[in-house]
Amino acid sequence: MIDDPVLVDDWHPVARVEDLAGGGPVPARLLGEDLVVWRSGDEFYAWRDLCVQRGTRLSLGRVVDGGRLECPYHGWTYGTDGCCVLMPAHPEQKPPAKARVATFRARAAHGVVWATLGSGTGEIPRFELFEDGKHQVLMAGPYRVHASGPRVVENFLDVGHFPFVHEGILGDRARPEIADYEAVVGPEGVLATGVKVYQPDPYATGQGATVTYTYRVHRPLSASFIKHGEHSFGMLLSVTPHDPVDSSAWMWMAMDYEPTSEMVDFQDRIFAQDRPILESQRPELLPLDLQAELHLRSDRTAIAYRRWLRELGVRTGAY
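Predicted, not measured: the structure shown is a model, and the values here were computed from it.

1. Things to note about the overall build of the protein chain
Within the protein chain, the secondary structure is distributed over five helices and 17 strands. In terms of overall size, the protein chain behaves like a compact globule, its C-alpha atoms giving a radius of gyration of 22 Å where 319 residues would be expected to give roughly 20 Å. Its C-alpha atoms give the protein chain principal-axis dimensions of roughly 75 × 45 × 35 Å. Here the protein chain, with 319 residues, has 50% of them falling under the buried criterion. If you take every contact in the protein chain between residues at least 6 apart in sequence, the share linking residues at least 24 apart comes to 56%. Summing over all exposed atoms, the protein chain offers an accessible surface of approximately 15,000 Å²; the carbon and sulfur share of this is 48%.

2. Regarding the packing of aromatic side chains
Under the defined criterion, the tally for this structure stands at 14 aromatic pairs. Both rings, one in F156 and one in Y215, keep their centres 6.2 Å apart while their planes meet at 80°; by these two values the pair is edge-to-face. Taken together, the positions of F156 in helix 2 (residues 149–157) and Y215 in strand 14 (residues 209–219) put the pair 59 residues apart, joining distant regions of the chain. By relative accessible area, which is 10% here, F156 ends up buried. According to the relative accessible area criterion, Y215 is buried, its value standing at 1%. An aromatic cluster is defined as three or more aromatic residues linked by ring pairs; in this entry it consists of F156, F162, Y213, Y215, F225 and F233. In this structure, R175 packs its charged tip against the face of Y198, placed 3.9 Å from the ring centre. Sitting over the face of the ring of Y203, K227 holds its NZ or CZ atom 5.5 Å from the ring centroid.

3. Notes on the nonpolar core
Ranked by internal contacts, the top residues of the largest apolar core, which has 65 residues, are L35, V113, Y215 and Y305. Beyond its immediate chain neighbours, meaning those up to four positions away, V113 contacts H12, P13, V14, A15, V17, L20, V37, F44, A106, R107 and A108.

4. Digging into the pairing of strand 9 (residues 103–109)
Of the pairings in the sheet, the one linking strand 4 (residues 43–48) to strand 9 comprises two bridges and is antiparallel in character. Bridge pairing links W47 to T103 in strand 9. Here strand 9 folds back onto strand 10 (residues 112–116) in antiparallel fashion, the turn holding two residues, of which H110 has a positive phi close to 60°.

5. Structural notes on unusual backbone geometry
In this structure, the amide linkage connecting G141 to the following residue, P142, adopts the cis form with an omega of 5°. Mapped onto the fold, P142 is located in strand 11 (residues 136–145). At L31, a residue that is not glycine, the phi angle is positive and equals roughly 50°. The residue L31 is located in the loop between strand 2 (26–30) and strand 3 (33–40) in this model.

6. A word on the sheet that holds strand 4
The strand order across the open sheet built from six strands is 1-10-9-4-3-2, with neighbouring strands paired in antiparallel fashion. Lying at the two open borders of the sheet, with one neighbouring strand each, are strand 1 (12–16) and strand 2. Each adjacent strand pair in this sheet contributes to an overall mean axis angle of 35°, direction not counted.

7. Examining the pattern of salt bridges
A complete count under the given rule lists 19 salt bridges for this structure. The shortest N-O distance in the salt bridge between R219 and D10 comes to 3.2 Å. Here D10 lies in the loop between helix 1 (5–8) and strand 1 and R219 lies in strand 14, a separation of 209 residues in the sequence. With relative accessibility at 27%, the residue R219 sits in the partly exposed group. Since its relative accessible area comes to 4%, D10 is described here as buried. When the shortest N-O distance is used, the salt bridge between R57 and D34 registers 3.3 Å. Placement of the pair is R57 in the loop between strand 4 and strand 5 (62–64) and D34 in strand 3, with a sequence separation of 23 residues. Within the structure, one salt-bridge network assembled from shared partners comprises R29, D34, D49, R57 and D243.

8. Observations concerning the environment of D246
Along the polypeptide, D246 turns up in strand 17 (residues 246–255). Note on D246: relative accessible area 19%, which makes it buried. Counting along the chain gives 147 residues from D246 to A99, while the straight-line C-alpha distance between them is 32 Å. Those residues in contact with D246 that lie beyond four places of it in its chain are R144, V145, A147, T240 and P241. A polar side-chain atom of D246 sits 2.9 Å from a polar atom in the side chain of R144.

What counts, and at which threshold
Residues numbered from 1 in each chain as written. Predicted model: local features only at pLDDT ≥ 70, side-chain atom pairs only at ≥ 80, totals over all residues. Heavy atoms only, no water. Helix = DSSP H or I, 4+ residues; strand = E, 2+ residues; numbered from the N terminus. Rg over C-alpha atoms; globule rule 2.2 N^0.38 Å. Buried < 20%, exposed > 50% of the residue type's maximum accessible area, 1.4 Å probe, protein only. Contact = heavy atoms within 4.5 Å. Areas by Shrake-Rupley, 256 points an atom, 1.4 Å probe, with all protein chains shown as cover. Phe/Tyr/Trp six-rings, centres within 6.5 Å; stacked < 30°, edge-to-face > 60°. Lys NZ or Arg CZ within 6 Å of the ring centre and 35° of its normal. Core = buried A, V, L, I, M, F, W, Y, C linked by side-chain atoms within 4.5 Å. Pairing = 2+ DSSP bridges. Axes fitted to C-alpha atoms, helices over the stretch in contact; angles between N-to-C directions. Salt bridge = Lys/Arg side-chain N within 4 Å of Asp/Glu carboxyl O. Polar contact = N/O pair within 3.5 Å; in protein donor to acceptor, adjacent residues only side chain to side chain.

In C-alpha cells form, the structure reads like this:
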C-alpha cells in the first residue's frame, strides 16, 4: 500500500454498481493495493485481492450461496467478514483463525462503489446539483490515463487550455483571454468564483458567448464545476489513484434539462483530447513548490489547489 495517510483515509471510486448486478467479483487497484470488489444483497465489499492459502486472485472467483466469495483455485470460501468458512478438501475441518482476507470499507453512491483503505470516517464527495431533485445525472468514464491524480484534477480546473486543446468546442484561440477571478482555500477545500471564458457555442444556439463558471475542489482528488446560464449544468470529477502515475477519471454530468446519450460521447471526445496532454506532462508528479513551474493570474485555481495539497500533506502523485 502507498504511504499516503491523507489519500489512504479518503474515499475513491473503484467499480460501477451496474457491473456488480450479479454480485461480481471484479478487480480494482487503489493506491498500490489490488482489490476484489463484490456484492452481497445491498452490501458492497472491497478486500485485498488475495486468497490466503496460495495467493490466488479472488477476483477470478465467484459469489456463491447468495453471499460468500469462493476462491477459483481450491474453492476456499469466505464469509462477508472476510473469514474463511469452508475448505472443500477438508469440509469437516474448521478453518484456522488466520484464514482471513484483509478487508476494507466500501459503500455505493452516485452509481459507483467507493472504497477506502483507511478509517472511512470522512464523507464520499457530494455535489449540490445531485441533491436538489431538479437535475438529471449522466456518468462518463472511467477514463484510464497514465498521469498522476493531481495532474488530472488540475487539468479539470484549468480553463486556459480550452481555446487550444478543445479549440472550436470549449474555446476559441482567437479569444483566449481569461479575466481576473477569485480563488480561495477554505476549510472545505478550494473555491474559485467568476471564472470566465469565451466559448464558440456554449448554449447550443449557434452563437458564441462568454461563460461564467464556479469551480470547487471538495477532496484532494475530487472537484466540480457549475456552468451558469439560463440552464444549469455542472460536472463532478473524482480520480482513482491506482498508482502514483496511473489513474482513472470518473465524471458525472448534472443538468436541469433532458439529457441526451450524445452527451457521454461528447465527454469521451473531450477527455480523448486531454489524455495526450496529461500523459506528456513532465514532471509526471505535480510539483507543490510554487517556484517549480511558472504561473499567471489565470492559474489562480491551480495555485490554490497546489497550496491546499501541500497543507494537507498529500504525497501520491505530487511532490
